[in-house]
Amino acid sequence: KVLLEVKDLTAKIADSGLQILKGVNLVIYEGEIHAIMGKNGSGKSTFSKVLVGHPDYEVTGGTVLFKGENLLDMEPEERSLAGLFMSFQSPVEIPGFYDYVSRRLKIVNMDTNFLNRNVNEGFSGGEKKRNEILQLAVLGANLAILDEIDSGLDVDALQDVGEAVNELLTPQKSVLMVTHYRRLLDIIKPKFVHIMEDGKIVKTALMGKIPGVVEKGKINDSIDRTSEL
Ligand code: ADP
Ligand code: MG
Ligand code: MG
């Protein structure tokens, strides 16, 4: 089942009018892990933020369907309620479901005394990232957008965070991860890796059994999915 369908998405910075996304096409099915890589400044974070409805950006064209609904018509809160999650740079407060959370703390390898501290106070970079993953667990999103969760993590923390994400995956849960580094892809193994360049996805590689590259301009729907079986 298709979870997210992005067609010819264009967007600009609301303030300056500078066009950043120049026609993004992407299809994500339920349960799939996708990665977006690309040089700094290519538009990866902008794309992520446009999907969650960040007010700094204005969509100028194209369509985005999430579970068949027009995502671009929804407020950020509605997107979140619909099952879209993005890892936060500065994580928000965690609601007080102590039992629910503490069961999940085990998954992310954190001590429950975490709950007695103010959120993020005195946290190391690694702990903050784990906290983001914890939120993902708590929120139970269908599509988790993880923007550079690997930045600033040492090898051990990266391993923990990667494994935590893997633990949380279910056949219904999809992940879109943005990263500059290949390291994370060795832990959380994507089915597709997309390369973004100047506000567009210019290449898509199908990973796993049958690696291949789809050339510029074609969306990943054009890969014959039956050939993977
Ligand atoms: P990436 O995540 O691939 O490094 P970004 O989406 O962060 O790329 O940025 C793409 C381009 O848009 C860059 O040139 C960046 O400077 C610019 N940009 C992104 N967001 C803003 C913003 N809020 N204000 C001004 N420029 C921005
Ligand atoms: Mg960047
Ligand atoms: Mg970025």
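One can find the structure itself at the top, above this paragraph.
Cut-offs applied
- Residues numbered from 1 in each chain as written.
- Chains lettered and ligands numbered in written order.
- Predicted model: local features only at pLDDT ≥ 70, side-chain atom pairs only at ≥ 80, totals over all residues.
- Core = buried A, V, L, I, M, F, W, Y, C linked by C-beta atoms within 7 Å.
- Buried ≥ 20, exposed ≤ 12 C-beta atoms within 10 Å, placed from the backbone.
- Helix = DSSP H or I, 4+ residues; strand = E, 2+ residues; numbered from the N terminus.
- Contact = placed C-beta atoms within 7 Å.
- Pairing = 2+ DSSP bridges.

(A) View of the nonpolar core. Formed by 47 residues in total, the largest nonpolar core has its most connected members in Leu 143, Ile 145, Val 175 and Met 177. No other element matches strand E2 (residues 19–29), which puts 6 residues into this core. The residues touching Ile 145, leaving out its near neighbours within four places in the chain, are Ser 48, Leu 51, Val 52, Phe 85, Met 86, Ser 87 and Leu 176.

(B) Structural context of the environment of Thr 10. Along the chain, Thr 10 turns up in strand E1 (residues 2–13). Spatially, the C-alpha atom of Thr 10 lies 5.4 Å from that of Thr 60, the residues being 50 residues apart in sequence. Among all residues touching Thr 10, those that are not within four sequence positions of it are Gln 19, Leu 21, Lys 22, Gly 23, Thr 60, Gly 61 and Gly 62.

(C) Structural detail: the sheet that holds strand E5 (residues 69–70). One open sheet accounts for 4 strands, arranged E2-E1-E4-E5; its pairing is antiparallel. Strands at the two margins of the open sheet, each flanked by one partner only, are E2 and E5. Of the strand pairs in this sheet, E1 and E2 are connected by 8 bridges, and their pairing is antiparallel. Each residue of the ladder has a partner; that of Val 2, found in E2, is Tyr 29.

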